[in-house]
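As a plain string of letters, each chain reads:
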Amino acid sequence: MNIDIKRIQKYAKTFMSYLMVFVGLSILVFIIVRVMPGDTARMALGPRVPEETVEALRQEMHLNEPYYVQYVYWIKDVLSGDLGISVISKRPVLDDIKTYLPATLELVVFSAIFMSVFGILLGVLATKYSGKWQDAFVRILSYLGIVAPNFLWAVIAILLFSYKFPILPISGRISPGMLPPPMVTRMYIVDYLLAGNPAGAWDAFKHIIMPATVLSFGGISQAARITRASMTGNLEKPYASAERAYGIPERKILFKYLLKPSLNSTISCLSLDIAALFGGAFLVETVFNFPGLSRYALQAMLNKDVFAVSAIIIFEGAIFVLFNFFTDVLLGVLDPRVRYSRRIQQS
Amino acid sequence: MEKYEYHIDVSNIDVSKLPARNRADDFRKLWYKFSLNKLSVVGLVIVLAVSFIALFYKQIAPYPDHIGAYIDFSQASQAPSATNLFGTDVVGRDVLSRVMYAFRGALYMGFFAVCIIVPIGGVLGLIAGYFSGRFISTLIMRVADVFLALPALILVMYVSSILEPSLRNAMLAISVSWWPWYTRLVYGCVTSTRNEVFVQSAEVLGASSFHILFREILPNAMAPIFTKMTLDVGVAILAGATLSFVGMGEQPPTPSLGAMVSDGVGYLPDQWWLSVFPALAIMVIVLGFNILGDGIKDMLSNEE
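Calculation criteria
Residues numbered from 1 in each chain as written. Chains lettered and ligands numbered in written order. Predicted model: local features only at pLDDT ≥ 70, side-chain atom pairs only at ≥ 80, totals over all residues. Helix = DSSP H or I, 4+ residues; strand = E, 2+ residues; numbered from the N terminus. Rg over C-alpha atoms; globule rule 2.2 N^0.38 Å. Buried ≥ 20, exposed ≤ 12 C-beta atoms within 10 Å, placed from the backbone. Contact = placed C-beta atoms within 7 Å. Nonpolar A, V, L, I, M, F, W, Y, C, P; charged D, E, K, R; others polar. Axes fitted to C-alpha atoms, helices over the stretch in contact; angles between N-to-C directions. Parallel < 35°, antiparallel > 145°, perpendicular 65-115°, else oblique. Left-handed = near helix turned anticlockwise from the far one by under 90°. Core = buried A, V, L, I, M, F, W, Y, C linked by C-beta atoms within 7 Å. pLDDT = per-residue confidence, 0-100. Expected span 1.5 Å × (residues − 1).

A separate point is the overall build of chain B. Along its length, chain B carries 11 helices and 0 strands. Listed by position from the N terminus, the elements making up chain B come as α-α-α-α-α-α-α-α-α-α-α. Taken over C-alpha atoms, the radius of gyration comes to 25 Å for chain B, far larger than the 19 Å a tight globule of 304 residues would show. Dimensions of chain B, computed from C-alpha atoms along their principal axes, come out at roughly 85 × 45 × 40 Å. Looking at chain B residue by residue over its 304 residues, the buried ones come to 44%.

See the structure below:
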C-alpha cells in the first residue's frame, strides 16, 4: 500500500467535513438542551431548592449571558471533561458515563460481531440456495427483523429461553452471588478472563448473549437482505461467468471472489446499524435490566437531568460521527473502485 | 445483411382523432403492474384492513367502552376465550377492543408524521437540489447532515421528554428527527434530473423556478418519494410504539400498542396474552406497510 499525499489529503478533507458536522451537532445539542427547555438552573436543581441557590447556579452556569457566550463556556467544559453534575446520582456525569459505558460497549461489540457474521452468512446462504427454501426462510426472517420492534424479540427471547427452556438468566450482568472481577477494562468478560476466572467469564457471557442477540436482529436482517441483493446482482457479472468457464467450483466463486465486491453496500449499512446500536440499546437494556449507558440516558431523559442528557447526546453524536468517518476510510481501503474513482475522473 | 429501416409517416396524423389518454387507463395500468406480485396485494389488504378497523372501531369492536376507565375485576386476567378473543387485562378490559382502538393512534401517528415530514423535507430537498452550489443549498444539506448525525431514536426520545407525553408531541418528535432523509432523497433526485433537456428547455422558455421545481422536476421524483413515504409510515408507527413502550406516547387509560406491551411484560409468562397480542399487532401493521412499500416500488419502477 503506497502512502501518497493525495490519499492523506482526501482523508484530511473527509475528516474536516465530519468535524464541521460535529460542530454543527454540538450547536444543535446546545440549542435543544439549553435554549429550549426553559429554566435550566431550576430544572437542574429541582423544585424545592430555595431561590438563592438557583441564582448562584445561574451565575455559575453563566446563564444570564448571551447564548454564544454560554456555548463557548459549554464547549470548553466538554472538551476538558467537565460534563456537569448529574441531578439524579449527584455524581459528575463523566463518572457516570465511565461506569455505564463499558457495559454498553460490551453489548455493542457482541451485537456487532453477531450482526456482521450472521447477517453476511445468511445473505450468502440465501444467494447460494436462491429460489429454494433457505432463500425463502432468510427472506421471511429479514422481513421479520425489520418489521418487529426490538422489544418484541426481547419478550419472545425471555419467554423462550428463560421460562420454557430455563437455560439463560434474564437480568443483570452477572448472577447474584458472583463477585465482579478486578476492574481492568470494566468489560466483565474480558476482566474475568484476564483474572483467570473462566467460570465467571462464562457466567457473564450467559448474561450478555440474549441481549446481544436480540439487539442484533434488526441489523442481521438488513445486512442479510442487502448482501443477498448485491450478491445476486454480481452473480451474472462477466467476471463470475469467466470464473465458471475456468472450472472454479461455485462455492469458491461465492466465498472468495464475489464476497468482497458485494460487501460494499453491506458495510455501509452495517456500520450505520452498529453506530445506531449505542442509542437503540435502551429498550433491550431496560427489558433485560442491563446497567448500560442507554438505560442511563433513558432515565436521565425521563427525569429531566439536564447535564446528563446533554453530555450523553453529544457523546453519542461524537461516536456516530467518528464511526461514519472510519467507515468512509474503511470503504476506501476495501473497495479500490472507491479509491480510484476520483483518480480516474481526474485523468 | 439487410438493414431494417422503419418509415413512420407523421405528416398526416390528426391529433384530435387520437384516442384520448385518460386517468382511468393510467390507473388500470398501474394496478396491473402492482398486482403482478401477489405479496404486494397482501400488503395492500393488510393496510386496508387495519385502516378499516381503525375507522369503524365503534361498529366492529366487541366491547367499545373498554378503552376508557373501565374496571371490572370479575372479568380480570382471563385467558383468550370465546367471549374475549384476546383475553382481558388486569382490570378486566378486553384486550381485543383495546388493540383495535390502539390501531387508530398508530395510524394517526404514522400518517400525520409522514404528512408533516414529507412536505418539509421534500421542499427543502427541492430547494437544495435546484440551487445546488449556492449558499442556501449547502446550508440546508449541512443542517440535514447534523440532524442525521444523531442516532435516530435518541433525538426522538429527547424531544419527547422535553414536551409533555402525548400522541401529538410524539409525532412532532418523530418529525423533527426524520425529515433529513427526505431532504437527502429529493436532493439526489433533483440533482440528477436538473440537467435534463426538458428542464433546460423550460428554463430557456422563461418558466419560473416554482414552475420548474413543482411541475417539471417533482413529478419525476415522485416514485422514490412515494415508496419511502409508505415505508416510513411503518417506521413511524414502530417509533411511536417504541416511544409509548417507555411511556412517552399516549397516556393511560387511552390504549397504545407499545404501552400495552410494556405493561404486559411484568406479567410474563403467565398472562402472556397481555404482551403478545399488541406486539403481534404492531408487527402485522408494520409488515403490511413494508410489503405495500415494496409493491409500490416495483409498480413505479420502469424495469421490463
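Per the secondary structure count, chain A includes 14 helices and 0 strands. Listed N to C, the secondary structure of chain A is α-α-α-α-α-α-α-α-α-α-α-α-α-α in terms of helices and strands. Split into buried and exposed, the 347 residues of chain A put 36% on the buried side. Across chain A, contacts joining residues at least 24 apart in sequence account for 71% of those joining residues at least 6 apart.

A word on the interface of chain B and chain A. At the junction of the two partners, chain B supplies 30 residues and chain A supplies 35 residues. Within the residue set of the side of chain B that touches chain A, elements represented by two or more residues are helix H5 (135–148), helix H6 (152–162), helix H9 (209–245), helix H10 (257–265) and helix H11 (273–300) of chain B. Of the residues in the side of chain B that touches chain A, the class split is 24 nonpolar, 4 polar and 2 charged.

All names here are of chain B. Where H10 meets H11, the axes come as close as 7 Å, and the angle between the chain directions of the two elements is 150 degrees. For the element pair H10 / H11, the angle class is roughly antiparallel. Here H10 runs over H11; the crossing is left-handed. Between H10 and H11, the residues in contact are Leu257, Met260, Val261, Asp263, Gly264 and Val265 and Leu274, Ser275, Pro278, Ala279, Ala281 and Ile282, respectively.

Before going further, it helps to spend a moment on the nonpolar core. Membership of the largest hydrophobic core comes to 153 residues, with the highest contact counts inside it found for Ala154, Leu277 and Val309 of chain A together with Val156, Ile174, Ala236 and Ile237 of chain B. Here Ile174 of chain B is in contact with Ala113, Val156, Ala236, Ala239 and Gly240 of chain B, once residues within four sequence places are set aside.

With that settled, the discussion passes to the confidence of the model for chain B. In this model, chain B carries an average pLDDT of 80, and 95% of its residues clear a pLDDT of 70 or more. Listed scores for the predicted complex are pTM 0.78 and ipTM 0.72.

With that settled, consider the confidence of the model for chain A. Averaged over all residues, the pLDDT of chain A is 75; the fraction at 70 or higher stands at 80%. Across chain A, the secondary-structure element scoring lowest on mean pLDDT is helix H14 (residues 336–346) of chain A, at 56, and the one scoring highest is helix H5 (residues 93–128) of chain A, at 83.

Attention now goes to the packing of helix H4 (residues 95–130) of chain B against helix H7 (residues 167–193) of chain B. Between H4 of chain B and H7 of chain B, the least distance of the axes is 6 Å, while the angle of their chain directions is 35 degrees. As H4 of chain B runs across H7 of chain B, the sense of the crossing is right-handed.

We now examine H4 of chain B. Its 36 residues give H4 of chain B an end-to-end C-alpha distance of 51 Å, which sits within 8% of 52 Å, the value for a rise of 1.5 Å per residue. Of all 36 residues making up H4 of chain B, 28 are buried, and the element is well covered by its neighbours.

Residue and element names in this part refer to chain B. Looking at the element boundaries, Gly129 is found in helix H4. Owing to 25 C-beta atoms within 10 Å, Gly129 belongs among the buried residues under this scheme. A sequence separation of 121 residues divides Gly129 from Glu250, and the C-alpha atoms of the two residues are 38 Å apart. Not counting the four nearest positions on each side in its chain, Gly129 is found in contact with Val186, Tyr187, Val190, Thr191 and Arg194.

Along helix H10 (residues 238–246) of chain A, only 0 of the 9 residues are buried, which leaves the element largely exposed. Just beyond H10 of chain A, the residue with positive phi is Gly247 of chain A, at close to 95 degrees.

What follows is about the environment of Ala281 of chain A. Residue and element names in this part refer to chain A. Among the secondary structure elements, Ala281 is positioned in helix H11 (residues 250–288). Considering only alpha carbons, one finds Ala281 and Leu107, 174 residues apart in sequence, at a separation of 8.5 Å. Not counting residues up to four positions away in its chain, the partners in contact with Ala281 are Thr104, Leu107, Val108, Leu215, Gly292 and Ser294.

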